[in-house]
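# Examining the three-dimensional arrangement
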Amino acid sequence: MRIVFISLFLLLSGCASLTNSPTEVEETIVHTPPVEDSALADPSEPVAPVFVENILPREAEDVWHRIRIQLQFAPSNHERVQNRVDWYLKHPNYMETITKRAEPFLYYIVNEVERRGLPIELALMPLIESDFDTSAYSHKHASGLWQLTPLIAKHYGIKIGPWYDGRQDVIDATNAALDFLTYLHKRFDGNWYHAIAAYNTGEGRVARAIRNNKKQGKSTDFFHLKLPRQTRHYVPKLLAAAQLLREEQMAFPKIANQPTIDVIDMRHGVILDDKKKWAQLEVLNPGYTRFPALLDGPKHLVLRKGESKNWQDYVANLPEMPSEQWQKYTIRRGDSLSVIAQRHSITVSQLKSFNQLKSSRIRAGDTLMLPILADKQIEYKVKSGDSLWRIARHFDVTVSKIKQWNSLSKDVLRIGDKLTIFLAAP
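Residues numbered from 1 in each chain as written. Predicted model: local features only at pLDDT ≥ 70, side-chain atom pairs only at ≥ 80, totals over all residues. Heavy atoms only, no water.

## Overview of the overall build of the protein chain
A tally of regular secondary structure across the protein chain gives 17 helices and 10 strands. Contacts spanning at least 24 positions in sequence make up 68% of the contacts within the protein chain whose residues lie at least 6 apart. For the protein chain, the exposed area adds up to about 22000 Å²; of that, 49% sits on carbon and sulfur atoms. (Helix = DSSP H or I, 4+ residues; strand = E, 2+ residues; numbered from the N terminus. Contact = heavy atoms within 4.5 Å. Areas by Shrake-Rupley, 256 points an atom, 1.4 Å probe, with all protein chains shown as cover.)

Below you can see the structure in the form of structure tokens.
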């Protein structure tokens with residue numbers, strides 16, 4: 001144990017302006033007494049440490065511990081924060097569920113936050129956004145761990161198509177979310193609370209709330225802004241989770257502080273012929289909406305650590321186009337690639353890729369290879385007594401896939417609702 005004094009100018013430089021990667025400098029466990037809310041208007045305000053213990057992030061006991069020793073935001077006694085702390089404490093099993101879902105991805109997310117020199121609290125945002133549920137959907141059509149909307153996702157280069165939704169890919173979604181948060185931090189002059197609130201409700205709404213308070217001579221710190229109810233509780237949820245970690249007020253089941261996944265190059269699409277053997281791929285690559293077809297996705301695949309060699313061997317031995325998963329199509333007079341693609345619910349670029357076509361010219365009588373995945377699309381009308389579980393069981397699909405295909409944020413169904421169901425090829 002030793003006393004460490006942190007110079008004021010470093011703390012005033014802001015959470016995201018750290019010049020050294022957290023993995024390259026000595027980190028500390030900081031224990032602080034409660035401070036008055038008046039000191040929390042700006043999250044970059046200095047917090048005087050009582051005592052510190054030297055430790056590097058890579059030496060932490062587990063990933064939750066790794067986060068705890070790097071927490072930067074000041075503690076808060078605000079009622080909204082304490083109410084959420086109380087809620088967490090009344091639901092001790094909640095963190096067990098969260099940890100089970102987070103285990104494959106949290107180490108990767110923490111590494112990405114550290115690599116960018118961002119506040120480690122941002123690694124907790126999937127807990128607040130989605131409860132670390134990769135298939136989560138919201139009523140605003142936000143999706144995935146980071147609950148990215150289609151507009152934000154596409155702005156940051158994420159692909160969303162018939163067979164793949166990159167908002168649910170941990171690699172692409174994490175990059176996009178952290179890019180967006182970095183932009184918002186700069187947009188709101190280095191105030192992380194404002195940036196995080198804007199991530200939830202939109203930058204325009206937060207900016208208007210700040211302007212209105214300035215006109216009325218009121219404080220512009222987060223807790224004084226007039227924002228939607230969800231957003232007013234959004235930042236406090238994050239601060240409450242950080243407080244639970246900082247003060248060790250409840251148990252966070254351990255997640256090994258070591259890599260859990262490999263991200264490998266994927267040069268072309270694959271249709272698995274052994275779905276059971278590679279079932280874990282669906283958990284690690286939830287962006288593929290029509291598993292076991294790994295088509296039209298990113299140029300990478302997420303595997304459990306140590307599985308890369310097995311995967312490469314498996315792919316090398318796959319039949320190039322298994323007959324039971326592909327069909328031959330004879331081109332008719334009047335056909336075009338766009339007509340054929342639309343008829344089979346694929347894109348022209350996918351059709352050209354499947355058939356290694358360099359141009360869009362086709363001739364009547366020639367044959368094309370098409371996947372048998374889009375043929376079995378049905379529309380199901382919800383009847384009395386139906387539930388998502390019962391419908392999923394009837395069609396041998398999962399509840400999460402039905403919610404994903406139909407952008408459902410809740411499990412509640414109404415009689416007469418129409419659901420789109422994709423049936424796997426036999």
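## Thoughts on the packing of helix 8 (residues 170-187) against helix 9 (residues 192-201)
Following both chains from N to C, one finds helix 8 and helix 9 inclined at 130°, their axes separated by 8 Å at the closest point. Here helix 8 lies oblique to helix 9, going by the angle between them. Our pair here, helix 8 against helix 9, has a crossing hand that is right-handed. Judged by residue contacts, Ala-177, Phe-180, Leu-181, Leu-184 and His-185 of helix 8 engage Trp-192, Ala-195, Ala-198 and Tyr-199 from helix 9. Residue composition of the contact of helix 8 with helix 9, grouped by class: 8 nonpolar, 1 polar and no charged. (Axes fitted to C-alpha atoms, helices over the stretch in contact; angles between N-to-C directions. Parallel < 35°, antiparallel > 145°, perpendicular 65-115°, else oblique. Left-handed = near helix turned anticlockwise from the far one by under 90°. Nonpolar A, V, L, I, M, F, W, Y, C, P; charged D, E, K, R; others polar.)

## A closer look at the nonpolar core
Of all hydrophobic cores here, the largest spans 73 residues; its most connected members are Trp-64, Ile-67, Tyr-88, Ile-109, Trp-146 and Tyr-199. Two domains each put at least three residues into this core: domain 1 (63-154 + 169-247) and domain 2 (261-316). In this structure, Ile-109 is in contact with Ala-123, Pro-126, Phe-132, Leu-145, Trp-146, Val-170 and Thr-174, ignoring residues within four places of it in sequence. Core analysis: the second largest hydrophobic core is formed by 15 residues, Val-270, Trp-278, Leu-281 and Leu-294 among them. (Core = buried A, V, L, I, M, F, W, Y, C linked by side-chain atoms within 4.5 Å. Buried < 20%, exposed > 50% of the residue type's maximum accessible area, 1.4 Å probe, protein only. Domains from an automatic or database assignment.)

## A word on helix 17 (residues 399-406)
Residues three or four positions apart in an α-helix share a direction because the helix packs 3.6 residues into each turn. Here helix 17 lies mainly inside the structure; 6 of its 8 residues are buried. Of the residues making up helix 17, those classed as buried are Lys-401, Ile-402, Lys-403, Gln-404, Trp-405 and Asn-406. Close packing links the buried residues of helix 17 with helix 12 (280-284), helix 16 (388-395) and strand 10 (418-422). Of the residues trailing helix 17, Ser-407 is marked for its positive phi of about 55°.

## Thoughts on the environment of Arg-80
Take Arg-80: it is sitting in helix 3 (residues 79-90). When neighbours within four sequence positions are excluded, Arg-80 is seen to be in contact with Phe-222, Phe-223, Arg-232, His-233 and Pro-236. Engagement of the side chain of Arg-80 in a polar contact is seen with the backbone oxygen of Phe-223, the distance being 3.3 Å. (Polar contact = N/O pair within 3.5 Å; in protein donor to acceptor, adjacent residues only side chain to side chain.)

## Side note on the environment of Tyr-88
For Tyr-88, the position within the fold is in helix 3. Spatially, the C-alpha atom of Tyr-88 lies 9.5 Å from that of Lys-237, the residues being 149 residues apart in sequence. Apart from the residues within four sequence positions on either side, Tyr-88 is in contact with Tyr-94, Met-95, Leu-127, Ile-128, Lys-237, Ala-240, Ala-241, Leu-244 and Met-250.

## Comments concerning helix 10 (residues 203-215)
Here helix 10 is 13 residues long and its end C-alpha atoms lie 18 Å apart, about the 18 Å a rise of 1.5 Å per residue gives. Every buried residue of helix 10 is accounted for by Val-206, Ala-207, Ala-209, Ile-210 and Asn-213. Taken end-on, helix 10 shows its buried residues confined to a sector of 160°, consistent with a single buried face. Positive backbone phi, at 70°, marks Gly-217, one or two positions downstream of helix 10. (Expected span 1.5 Å × (residues − 1). Arc of directions from axis to C-beta.)

## Looking at the packing of helix 3 against helix 11 (residues 229-247)
Packed helices, taken two at a time, are described by the angle between their axes plus the distance between the axes. Axis separation between helix 3 and helix 11 bottoms out at 8 Å; the angle between their running directions is 60°. The orientation of helix 3 with respect to helix 11, classified from their angle, is oblique. Remark: the crossing between helix 3 and helix 11 carries right-handed chirality. Across from Arg-80, Val-81, Gln-82, Arg-84, Val-85, Tyr-88 and Leu-89 in helix 3, the residues of helix 11 making contact are Arg-232, His-233, Pro-236, Lys-237, Leu-239, Ala-240, Ala-241, Gln-243 and Leu-244. By residue class, the composition of the contact of helix 3 with helix 11 is 9 nonpolar, 3 polar and 4 charged.

## What about the packing of aromatic side chains?
Taken as a whole, this structure holds 14 aromatic pairs when the rule is applied. Summarising the aromatic geometry, the rings of Tyr-380 and Phe-395 are spaced 5.6 Å apart at their centres and angled 80° between planes, so their arrangement reads as edge-to-face. One end of the pair, Tyr-380, is in strand 9 (residues 377-381); the other, Phe-395, is in helix 16, with 15 residues separating them in the sequence. Feature note: the residues Tyr-156, Phe-180, Tyr-183 and Tyr-199 constitute an aromatic cluster, connected by ring pairs. Seen from the ring of Phe-188, Arg-187 lies directly overhead, with NZ or CZ sitting 4.9 Å from the centre. (Phe/Tyr/Trp six-rings, centres within 6.5 Å; stacked < 30°, edge-to-face > 60°. Lys NZ or Arg CZ within 6 Å of the ring centre and 35° of its normal.)

## Remarks on the side chain of Glu-121
Within the secondary structure, Glu-121 is located in the loop between helix 5 (106-115) and helix 6 (125-130). Within the buried set, Glu-121 has no salt-bridge partner at all; the shortest N-O distance to an opposite charge, 4.5 Å, is to Arg-246. At 2.8 Å, the side chain of Glu-121 forms a polar contact with the backbone nitrogen of Phe-73. When neighbours within four sequence positions are excluded, Glu-121 is seen to be in contact with Leu-71, Gln-72, Phe-73, Leu-238 and Ala-242. (Lys, Arg positive; Asp, Glu negative; His and termini not counted. Salt bridge = Lys/Arg side-chain N within 4 Å of Asp/Glu carboxyl O.)

## Focus: the pattern of salt bridges
Enumeration according to the criterion identifies 13 salt bridges in this entry. Between Glu-114 and Arg-66 there is a salt bridge, and its shortest N-O distance comes to 2.9 Å. You can see Glu-114 sitting in helix 5 and its partner Arg-66 sitting in helix 2 (residues 63-68), a full 48 residues away along the chain. When its relative accessible area of 1% is taken as the criterion, Glu-114 is described as buried. On the accessibility criterion, Arg-66 (3% relative accessible area) is buried. A salt bridge links Glu-248 to Arg-68, with the nearest nitrogen and oxygen atoms 3.9 Å apart. Taken together, the positions of Glu-248 in the loop between helix 11 and strand 3 (261-265) and Arg-68 in helix 2 put the pair 180 residues apart, joining distant regions of the chain.

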